[in-house]
Amino acid sequence: MTDLLKKSLHPAAVIVAAVVCVWLSGCSPMRFLDDDETLLARVSLKSDTKAVNAEDYRGYVRQEANSRWFNLVKVPLGIYSLSRADTAKRGGRLWKRLGEAPVVYDSTLTAQSAAALRAALRGHGWLHGEVGVDETQRKRRARVHYQLQPGDRWIVDSIAYEADDSAMLGLLRNVAQDGVLRKGMPLDVALLSQERERIVTALQNMGYYALNKEYLAFIADTLAGSRAALLHVVLRRPDGTEDAAAYRPFTIRRVDIYENMAEGDTGKVTRYRDLTIHYRDRLWLNRHTYSNHVALRGDKLFGERDVRDTYSSLNGLQPVGYTTVRLRRVSPAELADTLSPQLDAQIVVSPTDRYTVSAEADGTNTNGDFGAALSLTFSNRNTFHGGEVFSLKLRGAYEAIKGLEGYGDQNYTEYSVESRLRLPAFKFPFVPRRAVQNLKAVSELGLMYNSQDRPEFHRRVLTARWAYTWTHRAEPRWQHTLDVLNLNYVFLPWISETFRTEYLEGTNARSSILRNTYENLLIMRIGYNAVFNSRGAQAVSPSGMSGRGWQLRINAETAGNLLYTASRFGLFRKDESGQYEAFGIPFSQYAKIDLDYAASLPINDQNSLALHALFGLAMPYGNSLVVPYEKRYFAGGANSVRGWSVRELGPGGYHTADGKVNFVNQTGNLQMLLSLEYRTHLFWKFNGAAFVDAGNTWNTRRYADIPDSRFKFGGFWKQIAVAYGIGLRFNLDYFILRFDAGMKAINPAVSSGREHYPIVHPKFSRDFALHFAVGLPF
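Predicted, not measured: the structure shown is a model, and the values here were computed from it. (Residues numbered from 1 in each chain as written. Predicted model: local features only at pLDDT ≥ 70, side-chain atom pairs only at ≥ 80, totals over all residues. Heavy atoms only, no water.)

> Tell me about the packing of aromatic side chains, residues and numbers included.
Aromatic ring pairs are defined here through the distance separating the ring centres and the angle between the ring planes. What the rule picks out here adds up to 23 aromatic pairs. Between Trp550 and Tyr597 the ring centres are 5.9 Å apart and the planes differ by 35°, which places this aromatic pair in the tilted class. Taken together, the residues span a long stretch of sequence, with Trp550 in strand E20 (residues 549-559) and Tyr597 in strand E23 (residues 590-602) at a distance of 47 residues. Here Trp550 falls in the partly exposed class, since its relative accessible area comes to 35%. Here a set of aromatic residues connected by ring pairs shows up, and it is made of Phe426, Phe428, Trp466, Tyr468 and Trp470. Taking the ring centre of Phe691 as reference, the NZ or CZ of Arg642 above it sits at 3.8 Å. In this arrangement the basic side chain of Arg647 is found over the ring face of Phe634, its NZ or CZ atom lying 4.2 Å from the centre. (Phe/Tyr/Trp six-rings, centres within 6.5 Å; stacked < 30°, edge-to-face > 60°. Helix = DSSP H or I, 4+ residues; strand = E, 2+ residues; numbered from the N terminus. Buried < 20%, exposed > 50% of the residue type's maximum accessible area, 1.4 Å probe, protein only. Lys NZ or Arg CZ within 6 Å of the ring centre and 35° of its normal.)

The following block contains the structure:
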C-alpha cells in the first residue's frame, strides 16, 4: 500500500495534480447563474495605516468570494462546476456536495459590510473612521475592495469615577485599579465591554448578588479639536430600579442539598459543616465529599465564582448525572435580627448508574497466524461513596502460530490484569485540607500485570503508578500532574535457545536491536508535568483552525534516586559490571526535561498558521551510563522531521554504512525540533497543509560506534535536518486521519555535495517519505 502511494506521489504525478487544481479553478461556473446574476470573484481589504491590520476586520464582511485552497486557487468551486445544472444524476449530486456553489454578488450585502466595518473601526477608537468601497464588474464577475480609512485614534486622557452611593464609589475605584483602565489607553468599545464584565463579576464575587451589568456604564466625553477623551465610569441604579439591597453584600444563610429528590420531598436529613443534606434511605455521596465539592457555605459572602465552582466540581464526579443550583432571596420577614440581605442555596444532585460492565472482542492476524482477544472491564463509579472510581480490566488473547521450526509450543497466549482507582480529591498523607481546598484534583493509583508466552520467549510486565492531577481554581489555564511513583518492571524468565542463537547473539545491527528490546528492565521514576493553555478549558477544534492561542508543556522526571540511596545503605549489591541491582536487574538512573511549545495563528476562518518548537534533554548518572532506550529521543516520522521515516534521521550527522535504519544507534539523549505548518480547509471534511520541519537528535557523549553524533555548540546548526511537504487530513469530528508527504531539503548525514541539499537536487526515490497518523502533529 505504501509503495503504491509513493508511486502515486511521484513528482510527475504531483505536477499533474497541481495542473488539475489550476484547471479546476478555471472551470466556468457561469451556467449555474441566471442571466441577471454576477459572480463574486474577489473581496479584498486594505488599510491606510499600518496601525490597523485590515485582515483583523475580515469577520465584518457579510459576503465573501468562493474559498481558495491555500489562498491561491478556487478548487472547491471548480469541483462544483464539474456537475451539471440539474441533479438528476448521482455523479452530479456528488460533485455538488463535495464542491462549493458559486457566490452570487449582492450589492445590499456590500453596503451592509461597509457599515459594519465602519462601526467596527469607530468601536475600536477610530471615531472618524470611514470605509471606501470600490466595486468593479467585468464579464459578469464582480470584484469588491474595501479601503479602511481609520484616521486618528482617540485615547483616554483622564478617568472620572461616579456612583450614586458614596460607599460604592470607593469600592468601584479599588476594583477598577486591577483592570485595564488607565490614562493613554485607546477608547476601544471591546476593551471597555470586557472591563465592564470584569468589574461586575468582581463585585458579585464580593457579595453583591443583586448588582448586574445594567448598573455600570462608561461615558466618553470627547474634546473638540483633540483626540483625547474624558472617560466617566458610572455606577448607578438603572431607571425604575428601587432595589435597596443592590449596594449591600449578600450572605448565604443556608445551603440545602437534595440528593436524588426534589425540593420539598420528605426524607432523611443530616448536617455537616454548614451543609444540610436531604436524602432518601442512604447517602449516595458521603458528607465529606459534598463538603469538598460545594463551595457555597452558610454565613459566607455570596460569590458568583462559588456557584460556578460548585457546578463544575459536582458535575465532574462520575457518579453524578447532573446538578442544578438555585438561589432564593430571603424575604425581609425571614431575616430575623439581621439587616444584611441573605440567600438560600438549594442544590439538587441526580445520581447516575453505579456499576458498568463492558466487553470487547478483537480478531488478530499476524503474518497469517490467526487469533482472537477478549477484554472485560468492570467499573464501580462510587466505590466508597465519595465519587471514587475503581475499574478492573481482564484481557486474554490466543494465537495459533504455524511454520516455526526448532520451537516447542506452537501457540501464543497472553493475559493481563489492570486495576485503577481514581479519587476525586488530593489525597496525600499529612497534607491539611486547607492547603488543597482551592484545587480541582484527582488522585490515581494503578497496577497492571501482563504475561506473554510465545514459542520464542516468555515476558512478564509489571507497572504501577501513584499520581495526582490538578488545576487551581484561580488559574484554570495551568494543569499539573505529579507522578509520585511510576514503576516499570519487565522480566523475561525464559528465552528459547533457538531464538537466542539466531537473533540475539549475532554481531549485526539486527541483533543489537533485538538484544535491546528483549532485555530485563527496571525504571522507578518520579515526574512532574505542567501544561499552560492560553485559551484555558476552551475546546480546541481538531481541524487545527480553532482560533488564536498557544500552549506550553513542561515535563521533568528523574529515575533511580530512591533505589540508589537504598543501595548506598547496603540494601542492594553490585553486579559484575559495577552496577547496583534491584531484584536481579540493574536499575536505571537518569534525569530528563522536555519543553514543548505550540501556537495557532488564524489568518481567516479557512486558513491558519501553526508553529511548534520542542527541546528535550535526558542525562544518565549514578547507576547508569546510558539513558534507557524507551526514554531516548528519535527523529523522523509523522510527528518529527517528516522528510525522514521513523528513526531514520540522526543522531547528528550519523548514517549507517549500508544506508539501512539502525533502531538502537539512531537515537539520542538531546533533541530539538521546529515546525511551521500552513493549514487550509479544502472541502467537506478534508483539510490540507503545507509544512516545513527542522531538527535532529544528538548524543551529549562521544560513542566510537556512532561517529559524528555528538552535540557541539559551535557546529550543531550544520547538522540540523530540514524537510518540506504537503498533507491531507480527513476530519471525522472526534479524531483526524492524517497523511503527510515529506521531502528532504537539507540532509545532515551527507556533509557536502549535491546530496547535502536535496532541495536543489531532489531525487524522489531517495528523498521522499510518506506518513499516516491519527491526529494533528501538534
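> Lay out the sheet that holds strand E4 (residues 155-163) in plain terms, naming residues and giving numbers.
In any sheet, the strands associate via hydrogen bonds between backbone groups, in a parallel or an antiparallel arrangement. The three strands are arranged E4-E6-E5 in an open sheet whose pairing can be described as mixed. Two strands close off the open sheet at either side, each with one partner strand: E4 and strand E5 (216-222). The average undirected angle you get between the axes of adjacent strands in this sheet is 20°. Where E4 and strand E6 (residues 228-235) come together, eight bridges link them in parallel fashion. Residue pairing in the sheet places Val156 in a bridge with Ala229 of E6. Relative to E4, helix H6 (residues 166-176) is tilted by about 145°, and along the sheet it contacts E4, E5 and E6. On top of the sheet, helix H7 (residues 189-204) reaches E5 and E6; it is set at about 145° to E5, its chief contact. (Pairing = 2+ DSSP bridges. Axes fitted to C-alpha atoms, helices over the stretch in contact; angles between N-to-C directions. Contact = heavy atoms within 4.5 Å.)

> Now, about the sheet that holds strand E3 (residues 141-149): what can you tell me, with residues and values included?
A sheet is described by the order of its strands in space; here three strands give the open sequence E1-E3-E2, paired in mixed fashion. The open sheet has two edge strands with one neighbour each: strand E1 (39-47) and strand E2 (130-138). Across the sheet, the mean angle separating the axes of adjacent strands is 15° when strand polarity is ignored. Judged from the nine bridges that link them, E2 and E3 form a sheet pairing that is antiparallel. From the neighbouring strand, Gly132 faces E3, where its bridge partner is Gln147. Contacting E1, E2 and E3, helix H5 (residues 107-123) crosses the sheet at an angle of about 155° to E2.

> Now, about the side chain of Glu259: what can you tell me, with residues and values included?
Inspection of the secondary structure assignment puts Glu259 in strand E7 (residues 251-259). For the buried Glu259, which has no salt bridge, the nearest side chain bearing the opposite charge is Arg280, at an N-O separation of 8.5 Å. A polar atom in the side chain of Glu259 sits 2.5 Å from the backbone nitrogen of Trp284. In contact with Glu259, not counting residues within four places along its chain, are His278, Tyr279, Arg282, Leu283, Trp284, Leu285, Tyr290 and Val349. (Lys, Arg positive; Asp, Glu negative; His and termini not counted. Salt bridge = Lys/Arg side-chain N within 4 Å of Asp/Glu carboxyl O. Polar contact = N/O pair within 3.5 Å; in protein donor to acceptor, adjacent residues only side chain to side chain.)

> I'd like to hear about unusual backbone geometry, residue by residue, with values.
For the peptide bond that leads from Gly650 to Pro651, omega is 0°, which places it in the cis range. In this structure, Pro651 sits in the loop between strand E24 (607-620) and strand E25 (670-683). Unusually for a residue other than glycine, Arg140 sits at a positive phi of about 60°. The topology assignment puts Arg140 in the loop between E2 and E3. Judged by its relative accessible area of 32%, Arg140 is partly exposed. Although it is not a glycine, Asp274 adopts a positive phi angle of roughly 70°. With respect to the helices, strands and loops of the structure, Asp274 is situated in the loop between strand E8 (268-272) and strand E9 (275-279).

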